[in-house]
Amino acid sequence: MKMNYRIGQIVPSSNTTMETEIPAMLRARETVEPERFTFHSSRMRMKKVTKEELAAMDNDSDRCAIELSDARVDVLGYACLVAIMSMGKGYHRISEARLHQRTVDNGGPAPVVTSAGALVEGLKVIGAKKISLLAPYMKPLTQLVIDYIENEGIEVVDSLSLEIHDNLEVGARDPRAPAELWRKLNLANVDAIVASACVQMPSLASIPLIEAASGLPVVSSAVCTTYQMLARLGLKTIVPNAGSLLSGRYPAV
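Keep in mind that what you see is a predicted model, and the values were worked out from it rather than measured. (Residues numbered from 1 in each chain as written. Predicted model: local features only at pLDDT ≥ 70, side-chain atom pairs only at ≥ 80, totals over all residues. Heavy atoms only, no water.)

Caption draft 1: Quick peek at the overall build of the protein chain. For the protein chain, the count of helices and strands is 11 helices and 8 strands. In terms of C-alpha radius of gyration, the protein chain reaches 17 Å, essentially the compact-globule figure of 18 Å for 253 residues. Dimensions of the protein chain, computed from C-alpha atoms along their principal axes, come out at roughly 50 × 40 × 30 Å. Counting all 253 residues of the protein chain, 55% fall into the buried class. In the protein chain, 75% of the contacts between residues at least 6 apart in sequence involve partners at least 24 apart. Carbon and sulfur atoms form 51% of the exposed surface of the protein chain, whose accessible area is close to 10,000 Å². (Helix = DSSP H or I, 4+ residues; strand = E, 2+ residues; numbered from the N terminus. Rg over C-alpha atoms; globule rule 2.2 N^0.38 Å. Buried < 20%, exposed > 50% of the residue type's maximum accessible area, 1.4 Å probe, protein only. Contact = heavy atoms within 4.5 Å. Areas by Shrake-Rupley, 256 points an atom, 1.4 Å probe, with all protein chains shown as cover.)

Structural data, given as structure tokens:
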């Protein structure tokens, strides 16, 4: 039985959070499960969260997938939600298939998870039909995210946009800030809260706090990406203190 896994991440050059939160979750998992993980990244250039920079960055993702497959990673995560969503509705399926094919062509086949697809699938796993979300984006980009999620059959009841365009500033935010911000959301009849619809906005420390206070399941882009990575590896989808999705109540099928 395989016990050691290499986690690959395609990361925007200014992202500082995915290489913090995903390792933190999988290190926490190592305290309760036997598998061990190492982490390997390749970067795409992006400083400002604008549609133009996001599109240019996405063009670089093929190179990153090939570089990571050189290291024979076991799973590959594309760690920029809005870059995928800005390319058109349903684009996560196209990106995941294309990048997987790049790893196949390079002789190091690896399943590919996008944070955009992972968020949608994570919400479906917990049975969420209506949600409210927090996002750091300017309002037009948040609306793009809402439209993408709603195209997948999940209604967004309310959202809060922090309107931060500098990606480093997003990553520097207090990871406990969402534990207060969620109170500004309309939660009438919602099934779940998205504490961060952005892989760069820290929220891991807030997720158990929001769940305890709201009584609702709480996810983030990073939590959903971790769930999908574990699922693609065929491992138990369990991480301590990372919310309902990774509690073990939702085994991957």
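From this point, things continue past the structure.
Caption draft 2: A look at the nonpolar core. Leu123, Ile131 and Ile149 are the most contacted members of the largest nonpolar core, which has 84 residues in total. In terms of residue count, helix H11 (residues 221-233) provides more of this core than any other element does, 7 residues in total. Those residues in contact with Ile149 that sit more than four places away from it in its chain are Met85, Leu119, Ile131, Leu133, Ile154 and Val156. (Core = buried A, V, L, I, M, F, W, Y, C linked by side-chain atoms within 4.5 Å.)

Caption draft 3: Geometry of the pattern of salt bridges. Under the counting rule described, the total for this entry stands at 13 salt bridges. When the shortest N-O distance is used, the salt bridge between Lys2 and Asp74 registers 3.5 Å. Of this pair, Lys2 sits in the segment before strand E1 (4-12) while Asp74 is found in the loop between helix H3 (61-70) and strand E3 (75-78), placing the two residues 72 residues apart along the sequence. The exposure class assigned to Lys2 is partly exposed, which follows from its relative accessible area of 41%. Note that Glu67 is salt-bridged to Arg63, the shortest N-O span being 2.9 Å. With a gap of 4 residues between them, Glu67 and Arg63 both fall in helix H3, about one helical turn apart. For Glu67, a relative accessible area of 37% translates into the label partly exposed. Taken together, the shared-partner salt bridges connect Asp60, Arg63 and Glu67 into one network. (Salt bridge = Lys/Arg side-chain N within 4 Å of Asp/Glu carboxyl O.)

Caption draft 4: Inspection of the packing of helix H6 (residues 115-125) against H11 at higher detail. At a minimum axis separation of 8 Å, H6 and H11 run at an interaxial angle of 85°. Put simply, H6 runs roughly perpendicular to H11. Two secondary-structure elements touch here, H6 through Ser115, Ala118, Leu119, Glu121, Gly122 and Val125 and H11 through Ser221, Cys224, Thr225, Tyr227 and Gln228. Taken together, the residues of the contact of H6 with H11 break down into 5 nonpolar, 5 polar and 1 charged. (Axes fitted to C-alpha atoms, helices over the stretch in contact; angles between N-to-C directions. Parallel < 35°, antiparallel > 145°, perpendicular 65-115°, else oblique. Nonpolar A, V, L, I, M, F, W, Y, C, P; charged D, E, K, R; others polar.)

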